[in-house]
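Descriptive analysis of the structure
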Amino acid sequence: MENLDAARLQMAFTLIFHIVFACIGMVMPFFMVVSHYKWLTTKDKVYLILTKSWQKGVAIFFVTGAVSGTALSFELGLLWPEFMKHAGPIIGMPFSLEGAAFFVEAIALGFYLYGWDKLPEKFHWCTGIIIGISGVASGILVVAANGWMNSPSGFDYIDGKFLNIDPVQAMLNPAWFTQALHMTLAAFTATGFAVAGVHAYQIYKKRKIELHTKAFRIALTFGAIAAILQPISGDISAKDIAERQPVKLAAMEAHYNTQERVPLYIGGIVNTDTQEVSHKIEIPGMLSFLAFGDFDAEVKGLNDFPDDEIPNVAIVHYAFQTMVGIGGLLMIAGLFYLVSIKKKKWQTVKWYWLVFVFLAPLGFVALEAGWIVTEVGRQPWIIHKIMRTKDAVTPMPGIVFSFYMYVVVYISLSIAVTWLMTRQIKVLNAQK
């Protein structure tokens, strides 16, 4: 395995795990805060038990997110030194601010965990809000740095040199808002459905039904609303990508020939040799409309771009179809849940809870697929149109051994987290 392949695999592997830990750690504090608020206003002890249980989950994912995120920070320098040499001074601001947000989150978490019966109730509750806000801020700042890689700004690139650096403009690059919005909604959708699915399974098994029902409603309310809003974010992102990265848009749809009134493909098997997509459903003019707001608009095809600037079309297309397909399913499930709030009879049958048990992991599958679209779709660039990925990788040999080491570490970390969370659920069910 060559250095470039090993480095890309290592980065991809660690991101796949970290993004799950980070999103759960970012979103769960809001569930905890809502439950805590209900305890303060109703004095229903079930909410107190639920809040203290969720706070342990928040602590677990805060730690694992910190560990996996720190490893990623080291990887940027170790695997991509040429990238960091030039990009570091430009996108150092969002990373520095992310570090500050992380410390605020850590301090607030300390107050929250150890503040029971020691701090004024309202102040104690407010520290929980700070945990959630600072966690979301950390995620947005990291995504802003990634947005810069897709839409580099805040510098002049002259004769291979990065001059006249403006870190504020770099942080507020043209891609940061669309990516941050899409990612934040995805995090709430994935975490909301995942947590709701865990509690739905407990209800299905008739364990602590009152407690798990309350937990299910809190988590899924967040997840359902985010899932319903996600298509709006997706439309904004599609129009942004069509303008800035037309080759990525073409790869997402496996669209090879430039033409007007381009159909949107649903599903499909890509044949890169014949440049055809079979077994797909076509919606006439829809890609033109989604990209430019005009059913008759022209959309550039892959054949309009140099061969060495085209990403892996099959991977990008399948990942995009997976993301959109699951996103649509979760949006329907979100609407179904909101309707079921009034149709309480549905909640008395087992299939209702099994639906959400089945949906539990799908949000994170869509989340991972979305990141594959973002990262693979940008290739061969690590900084779009400025620096190629192959030119940024470390020249030092033996990266493949580092990759194998990270595989072992992250799998071990995942097993530990799974064991801790399983034990926490058992402890919760055992409480009287």
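Going by the structure above, here's the rest.
Quick caveat: nothing in here was measured; it's all calculated off a predicted structure.

Procedures and definitions
Residues numbered from 1 in each chain as written. Predicted model: local features only at pLDDT ≥ 70, side-chain atom pairs only at ≥ 80, totals over all residues. Heavy atoms only, no water. Helix = DSSP H or I, 4+ residues; strand = E, 2+ residues; numbered from the N terminus. Rg over C-alpha atoms; globule rule 2.2 N^0.38 Å. Buried < 20%, exposed > 50% of the residue type's maximum accessible area, 1.4 Å probe, protein only. Contact = heavy atoms within 4.5 Å. Areas by Shrake-Rupley, 256 points an atom, 1.4 Å probe, with all protein chains shown as cover. Lys, Arg positive; Asp, Glu negative; His and termini not counted. Charge placed at Lys NZ, Arg CZ, Asp CG, Glu CD. Axes fitted to C-alpha atoms, helices over the stretch in contact; angles between N-to-C directions. Left-handed = near helix turned anticlockwise from the far one by under 90°. Nonpolar A, V, L, I, M, F, W, Y, C, P; charged D, E, K, R; others polar. Pairing = 2+ DSSP bridges. Patch = residues over 30% accessible without salt bridge, like charges linked within 9 Å, V, L, I, M, F, W, Y side chains within 5 Å. Salt bridge = Lys/Arg side-chain N within 4 Å of Asp/Glu carboxyl O. Parallel < 35°, antiparallel > 145°, perpendicular 65-115°, else oblique. Core = buried A, V, L, I, M, F, W, Y, C linked by side-chain atoms within 4.5 Å. 1 Å grid on protein atoms, 1.4 Å probe; cavity = no way out; pocket = protein on both sides within 12 Å on 5 of 7 lines; lining within 4 Å. Points joined across faces, edges and corners; volume = space filled by probe spheres on them. Expected span 1.5 Å × (residues − 1). Arc of directions from axis to C-beta.

Helices and strands together make up the secondary structure of the protein, namely 14 helices and 8 strands. The C-alpha radius of gyration computed for the protein amounts to 23 Å, which stays within 12% of the reference 22 Å derived for 432 residues, consistent with globular compactness. The 432 residues of the protein split such that 51% are buried. Counting only contacts in the protein whose residues sit at least 6 apart along the sequence, the fraction spanning at least 24 positions is 77%. Surface accessibility of the protein: about 20400 Å² in total, with carbon and sulfur atoms responsible for 67%. Looking at charge distribution, the protein has the averaged site of its 34 positive side-chain charges lying 21 Å from that of its 31 negative ones.

Here the focus is the packing of helix H4 (residues 121-150) against helix H12 (residues 362-378). Packing of H4 against H12 brings their axes to within 10 Å, and their N-to-C directions diverge by 35°. Considering how the two elements wind past one another, H4 and H12 form a crossing that is left-handed. Judged by residue contacts, Val143, Asn146, Met149 and Asn150 of H4 engage Trp371, Thr374, Glu375 and Arg378 from H12. Here the residues of the contact of H4 with H12 sort into 3 nonpolar, 3 polar and 2 charged.

Attention now goes to the pairing of strand E4 (residues 264-271). Note that E4 and strand E5 (residues 276-283) share 7 bridges and pair antiparallel. Among the inter-strand pairings, Asn271 is bridged to a residue of E5, identified as Glu276. In textbook terms, the turn of a hairpin is the stretch between consecutive antiparallel strands, and for E4 and E5 this stretch comprises 4 residues, one of which, Gln275, has a positive phi near 55°.

The next point concerns a positive patch on the surface. Together, Lys45, Lys52, Lys56 and Arg423 make up a positively charged patch on the protein surface. Examining the composition of the positive patch, we find that 3 residues originate from one element, helix H2 (residues 45-79), more than from any other. Here Lys45 is to be found in helix H2. Using a relative accessible area of 54% as the deciding quantity, one classes Lys45 as exposed.

At a closest axis distance of 8 Å, the pairing of H4 and helix H6 (residues 176-204) adopts a crossing angle of 135°. The orientation of H4 relative to H6 falls into the category oblique. In this structure, H4 meets H6 at a crossing whose hand is right-handed. Residue-level contacts link Val136, Ile140, Val143, Ala144, Asn146, Gly147 and Asn150 of H4 to Trp176, Gln179, Ala180, Met183, Thr184 and Phe188 of H6. Its residues assigned to classes, the contact of H4 with H6 shows 8 nonpolar, 5 polar and no charged.

Turning next to the nonpolar core. Phe31, Trp54, Phe193, Phe216 and Phe356 are the most contacted members of the largest nonpolar core, which totals 72 residues. If one sorts the elements of this core by residue count, H6 sits on top with 13 residues. Ignoring any residue separated from it by four or fewer positions in sequence, one finds Phe193 in contact with Leu220, Gly223, Ala224, Ala227, Leu330, Ala333, Gly334, Phe356, Leu359 and Ala360.

Take the layout of surface pockets next. Its boundaries defined by the atoms lining it, the second largest pocket holds a volume of some 1100 Å³. Taken together, 47 residues form the lining of the second largest pocket, with His182, Gly234, Phe320, Met323 and Val324 sitting closest to its centre. Elements with a minimum of two residues in the lining of the second largest pocket: H4, H6, helix H7 (209-244), helix H8 (246-252), E4, helix H9 (286-292), helix H10 (313-340) and H12. Residues that form the lining of the second largest pocket fall into these classes: 25 nonpolar, 17 polar and 5 charged.

Moving on, we get to H12. Compared with an ideal rise of 1.5 Å per residue, which puts 17 residues at 24 Å, H12 spans 24 Å between its outermost C-alpha atoms and is within 8% of the ideal. The element H12 is largely enclosed, with a buried count of 15 among its 17 residues.

What follows is about the pattern of salt bridges. Under the definition given, this model contains 9 salt bridges. Asp44 is paired through a salt bridge with Lys214; the nearest N and O atoms lie 3.5 Å apart. Of the two residues, Asp44 sits in the loop between helix H1 (3-42) and H2 while Lys214 sits in helix H7, which places them 170 residues apart along the sequence. Judged by its relative accessible area of 17%, Lys214 is buried.

Turning our attention to the environment of Gly192. Structurally, the position occupied by Gly192 is in helix H6. In the structure, Gly192 is positioned 164 residues away from Met28 in sequence and 8.3 Å away in space, judged by C-alpha atoms. Excluding anything up to four places from it in sequence, Gly192 contacts Phe31, Ala219, Leu220 and Gly223.

This paragraph deals with the side chain of Ser151. Here Ser151 is to be found in the loop between H4 and strand E1 (156-158). Its relative accessible area of 8% is what places Ser151 among the buried residues. Once residues within four sequence positions are removed from consideration, Ser151 is found in contact with Asn173, Pro174, Ala175 and Arg244.

On the surface, Glu260, Asp294, Glu298 and Asp304 cluster together to form a negatively charged patch. Note on placement: Glu260 falls in strand E3 (residues 259-260).

Turning to helix H11 (residues 350-359), its buried residues number three or more, namely Tyr352, Trp353, Phe356 and Leu359. Seen from one end, H11 has its buried residues packed into an arc of 120°, which puts them on one side. Buried residues along H11 sit against H6, H7, H10 and H12.

Moving on, we come to a nonpolar patch on the surface. On the surface, Ile225, Leu229, Ile232 and Ile236 cluster together into a nonpolar patch covering about 330 Å² of accessible area. Mapping Leu229 onto the fold places it in helix H7.

Just geometry here; none of it tells us what the structure is for.
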